[in-house]
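Architecture and fold: a report
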Amino acid sequence: MGIAELTRNAVEVLPAGALEAKLKLGRPLRVKLGIDVTAPHVTLGNGVPLQRMRAFQDEGHLGVLIVGHYTTRIGDPSGRSATRPMLDPEEIDRNAQRYFEHASTIVAPDKTE
């Protein structure tokens, strides 16, 4: 699989040339994706980067899925509190567990931290 497939759907890969240089080193990369679990399911917006993570995993790299909770705990600071309300810790934990279960249908669980 080439660089074009690994970065499919990416608008830019920055800094220019860095990914190619790291791939040339011949060692596995740690590909990280951070998400906020305001909902318990994978959305289309989450699905695309999860698919890219899977492409890297299929090439022997490790995926690192980082679940954030700060915005979920305080609500959306941009003023859209009706869209992204504050959630209690138990609901955040439930959402995170369900999100991991759903994300595991896209990424390779055995190649994900």
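Residues numbered from 1 in each chain as written. Predicted model: local features only at pLDDT ≥ 70, side-chain atom pairs only at ≥ 80, totals over all residues. Heavy atoms only, no water.

Between side chains of opposite charge, a pair can form as their charged atoms come close. What the rule picks out here adds up to four salt bridges. Where arginine 52 meets glutamate 5, a salt bridge forms, and the shortest distance between an N and an O atom there is 3.9 Å. One end of the pair, arginine 52, is in helix α3 (residues 44-58); the other, glutamate 5, is in helix α1 (residues 3-6), and 47 residues separate them in sequence. Take arginine 52: its relative accessible area is 12%, and that puts it in the buried class. By relative accessible area, glutamate 5 is classed as partly exposed at 32%. Notably, a salt bridge pairs glutamate 113 with arginine 30, separated by 3.0 Å at the nearest N-O pair. Pair noted here: glutamate 113 is in the segment after α5 (89-103) and arginine 30 is in strand β1 (residues 30-36), with a separation of 83 residues, a long-range link. Three or more residues are tied together by salt bridges with common partners; here these are Glu5, Arg8 and Arg52. (Salt bridge = Lys/Arg side-chain N within 4 Å of Asp/Glu carboxyl O. Helix = DSSP H or I, 4+ residues; strand = E, 2+ residues; numbered from the N terminus. Buried < 20%, exposed > 50% of the residue type's maximum accessible area, 1.4 Å probe, protein only.)

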